[in-house]
Every structure is written in C-alpha cells, then in structure tokens.
Amino acid sequence: MKLTDNVLRSFRVAKVFRENSDKINCFDFSSNGETIISSSDDDSLVLYDCQEGKPKRTLYSKKYGVDLIRYTHAANTVVYSSNKIDDTIRYLSLHDNKYIRYFPGHNKRVTSLSMSPVDDTFISGSLDKTIRLWDLRSPNCQGLMHLQGKPVCSFDPEGLIFAAGINSEMVKLYDLRSFDKGPFATFKLQYDRTCEWTGLKFSNDGKLILLSTNGGALRVLDAFKGAVIHSFGGYNNSKCVTLEASFTPDSQFVMIGSEDGKIHVWNAESGMKVALLDGKHTGPITCLQFNPKFMTFASACSNMAFWLPTIDD
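- As recorded in an unreviewed UniProt entry, the protein chain goes by the name WD repeat-containing protein 82, listed as coming from Eleginops maclovinus.
- Taken from UniProt, the Sequence similarities (unreviewed entry) comment for the protein chain reads in full: "Belongs to the WD repeat SWD2 family."
- Regarding the protein chain, the UniProt comment filed under Subcellular location (unreviewed entry) reads as follows: "Nucleus".

See below:
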C-alpha cells in the first residue's frame, strides 16, 4: 500500500493509551517497526507492541529521569538522556532493566541524541554548546566539538555525515571520518528571533533536512545546497512548546502536531497542505513519528495514540 494524499487524509486514531501521568517527551520505533518505546516526564519508559497494539511493560528511571530515548541496533537496548541530577547519557538493557554503560561528559542538558543508522556510533548535542561523538562500546567520548551556540544534530540516513544546526541560524555538515577538520558545508539561514530550532532530521532519501522549532514554523532545506525549499506554518504553538516534526518514511510528506491536538501534513515536494487530522489529544502533541515499516504512525501528549488508515487506496 502506497502513501498518497487520500490515504493520509483517511488516518484515524485506532487506539489511545493512558499509561503516563505526565507528558511523553520522546518515543522511538524499533527499526523493524514492531515496537515503540516512550520516555516521559513521569520518569517512566513504556514499551508498546505495535502489532498487537498494546503496552508490553513499564520501566522506571526515577533517580535520573528519562528523555530523548533511542533504540540502539542491539535487540532490547536503548540510550537516553537524563533530566534530573546530571546530564549523563545512559545505555540500558530493557531485557533485565540494567544499565550497560554510562556516558558522562555534558555539563548542561542534552537536547539532541542521534544513533548512527549503520553502527554503534551516536552523537549528542547539549546546551553546553558542544556536540560529542560516542561509541556504545566505550564510556569515553570519541570526539568533541565546541560550537558557537546551542546545537541540534542528526546523522544522515547512510551514517556517513552528520548535520549540526547551530544557534538557530546555520546548518553545518560534517564528514564523520574527518569531523575534526571542520564542516565541509555551511548553510546560513535567515535568523528568526521569534523561535529557536528544537530538532533536525534528514529525510530517508537523504535529500532534505527538516528543521523544527518551538515557534509556529518549520523549514525544509535542500540537504546538498542548503536552500530553504519550504517554510510550513499555520499550526498552533503559542506557548513555545517543542513539537516534533517528522518525514514519512518515503520522504514524500512532512507532519507535525500542534498545541490543540491536531496534526498537519504537507507534501514535501510541492509544499501543499495535504491533511489536517484531529487526534483529540488533551495537550500539545510533543511527539509524532511514522512507523518505519508499517502503515501506521504514533502521536503523543501525555497519552499515546496509534493511527491507522481507513481506506485502501
């Protein structure tokens, strides 16, 4: 089944889960699309079975809190940032709920965490104005970049380069093998003082970069030339909430939730608004991602919603 405008418009909430007492700050699908793990400001990690459509188990990180949760390539393991006590990144086995390793180094809140799509490398960006490069097998930082401002960062789909959005005004591209030589490309964007960049993602085809903000606008850039192809607005975000925006897996569409519980979808190529979906969320939709393998997506406030299409196009 192919994702089209009509299929997207037909999506409806199939299930709502009320496992959390506070907002869900992040979630991540497993690469096979079969499970999803969420982190919440209530210090819990909830694992869901996407095929059966139900929560499987709940774990807690009461002491350190939990944010920016990401699956690694090893089965049943995740990395996540702390939002209490310190800013150490933690590597957890879900199987026996034991920490495998800690990654200390940042001394302010971690705002970006990106796992390499191809190996055990990951990068983290922090309010301490650094990006750190890590290997899951070692607690020692493998690389450190001091920047001129707060970063958001992400690997590209091939894991060969990573992008850093710095100070909400420039995007720098680095070759992973020679990042210490500096960026091989720098794109300067017009600064918008009304909002800050809160996320950076590549499309799966590697051609586009999506910049999300805590304001009322998103930007889609050409990943090779750095030109702004589209700016998307018209969704509600008056309280400067960090709203997650995402590409669909086919790189054709861009979606974002809003503070009024609605989801806006645009065509990434034409820039046309394709759909406005009502998730009936009780709070701002802080997390939104499409399943990498199946025709379903998830959205979250303090509740988690699973969506399914209601037509076969």
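A short note on the sheet that holds strand S13 (residues 138–146)
Then, in step 1: Spatial ordering of the open sheet is given by S10-S11-S12-S13, a layout of four strands whose pairing is antiparallel. What marks the edges here is a single partner per strand, and that holds for strand S10 (110–115) and S13. Taken over all neighbouring pairs, the strand axes of this sheet differ in orientation by 20° on average, direction set aside.
Then, in step 2: One ladder, built from five bridges, connects strand S12 (residues 130–135) with S13; its direction is antiparallel. Following the sheet pairing, Leu133 is matched in S13 by Gly143.

Structural notes on the nonpolar core
Then, in step 1: Membership of the largest hydrophobic core comes to 17 residues, with the highest contact counts inside it found for Leu8, Phe11, Ile263, Val265, Leu277 and Phe297.
Then, in step 2: For this core, the elements supplying multiple residues, two or more each, are helix H1 (5–9), strand S23 (253–257), strand S24 (262–267), strand S25 (273–278), strand S26 (287–290) and strand S28 (304–308).
Then, in step 3: A per-element tally of this core places S25 first, with three residues.
Then, in step 4: Formed by 15 residues, the second largest nonpolar core is a distinct cluster that contains Phe187, Leu189, Trp197 and Ile209.

Regarding the UniProt feature "repeat: WD" (unreviewed entry) in the protein chain
Then, in step 1: Mapped onto the present numbering, the UniProt feature "repeat: WD" (unreviewed entry) falls on residues 17–58, 103–138 and 246–276.
Then, in step 2: Between the C-alpha atoms that bound residues 103–138 the distance is 8 Å, and the span itself is 0% helix and 56% strand.
Then, in step 3: Here residues 246–276 is 0% helix and 55% strand, with 15 Å between the C-alpha atoms at its ends.

Focus on the environment of Arg101
Then, in step 1: Here Arg101 shows up in strand S9 (residues 98–103).
Then, in step 2: Residue classification places Arg101 among the partly exposed residues on the basis of a relative accessible area of 25%.
Then, in step 3: Sequence-wise, Arg101 and Thr198 are 97 residues apart; in three dimensions their C-alpha atoms are separated by 27 Å.
Then, in step 4: Not counting residues up to four positions away in its chain, the partners in contact with Arg101 are Ile89, Arg90, Tyr91, Leu136, Arg137, Ser138 and Pro139.

As for the side chain of Asp43
Then, in step 1: Tracing the chain through its elements places Asp43 in the loop between strand S3 (35–40) and strand S4 (44–49).
Then, in step 2: Since its relative accessible area comes to 10%, Asp43 is described here as buried.
Then, in step 3: Reaching out from Asp43, the side chain makes a polar contact with the side chain of Lys84 at a distance of 2.8 Å.
Then, in step 4: For Asp43, the residues in contact, after removing those within four places along its chain, are Leu59, Tyr60, Ser61, Lys62, Gly65, Val66 and Lys84.

Structural notes on the sheet that holds strand S16 (residues 170–175)
Then, in step 1: Read from one edge to the other, the open sheet built from four strands follows the order S14-S15-S16-S17, with strand pairing classed as antiparallel. Strand pairing shows two members of the sheet lacking a second neighbour, strand S14 (151–155) and strand S17 (185–188), which therefore form its edges. Neighbouring strand axes in the sheet, compared pairwise and without regard to direction, differ in orientation by 15° on average.
Then, in step 2: Relative to S16, strand S15 (residues 161–166) runs antiparallel, the two sharing six bridges. Opposite Ala163, over in S16, you have Leu173 as the bridge partner.

Considerations on the packing of aromatic side chains
Then, in step 1: Taken as a whole and assessed by the stated rule, the structure comprises 18 aromatic pairs.
Then, in step 2: Aromatic side chains Phe11 and Phe297 sit 5.1 Å apart centroid to centroid with 45° between the ring planes, which places their arrangement in the tilted category. Residue Phe11 is found in the loop between H1 and strand S1 (12–17), and its partner Phe297 is found in strand S27 (residues 297–300); the two are separated by 286 residues along the sequence. For the pair Phe11 and Phe297, one class covers both residues: buried.
Then, in step 3: Aromatic pair Tyr99 and Tyr102: ring centres 5.4 Å apart, planes at 45°, arrangement tilted.
Then, in step 4: What makes Tyr99 partly exposed here is its relative accessible area of 31%.
Then, in step 5: The class of Tyr102 is partly exposed, set by a relative accessible area of 37%.

With respect to the environment of Asp28
Then, in step 1: Topologically, Asp28 is positioned in strand S2 (residues 24–29).
Then, in step 2: A C-alpha to C-alpha distance of 21 Å links Asp28 and Arg137, two positions 109 residues apart in sequence.
Then, in step 3: Not counting the four nearest positions on each side in its chain, Asp28 is found in contact with Thr35, Ile36, Ile37, Ile69, Arg70, Tyr71 and Gln289.
Then, in step 4: In terms of polar contacts, Asp28 uses its side chain to reach the backbone amide nitrogen of Tyr71, at 2.8 Å.

What counts as what
- Residues numbered from 1 in each chain as written.
- Predicted model: local features only at pLDDT ≥ 70, side-chain atom pairs only at ≥ 80, totals over all residues.
- Heavy atoms only, no water.
- UniProt positions renumbered as here; feature names shortened; annotations may be inferred.
- Pairing = 2+ DSSP bridges.
- Helix = DSSP H or I, 4+ residues; strand = E, 2+ residues; numbered from the N terminus.
- Axes fitted to C-alpha atoms, helices over the stretch in contact; angles between N-to-C directions.
- Core = buried A, V, L, I, M, F, W, Y, C linked by side-chain atoms within 4.5 Å.
- Buried < 20%, exposed > 50% of the residue type's maximum accessible area, 1.4 Å probe, protein only.
- Contact = heavy atoms within 4.5 Å.
- Polar contact = N/O pair within 3.5 Å; in protein donor to acceptor, adjacent residues only side chain to side chain.
- Phe/Tyr/Trp six-rings, centres within 6.5 Å; stacked < 30°, edge-to-face > 60°.

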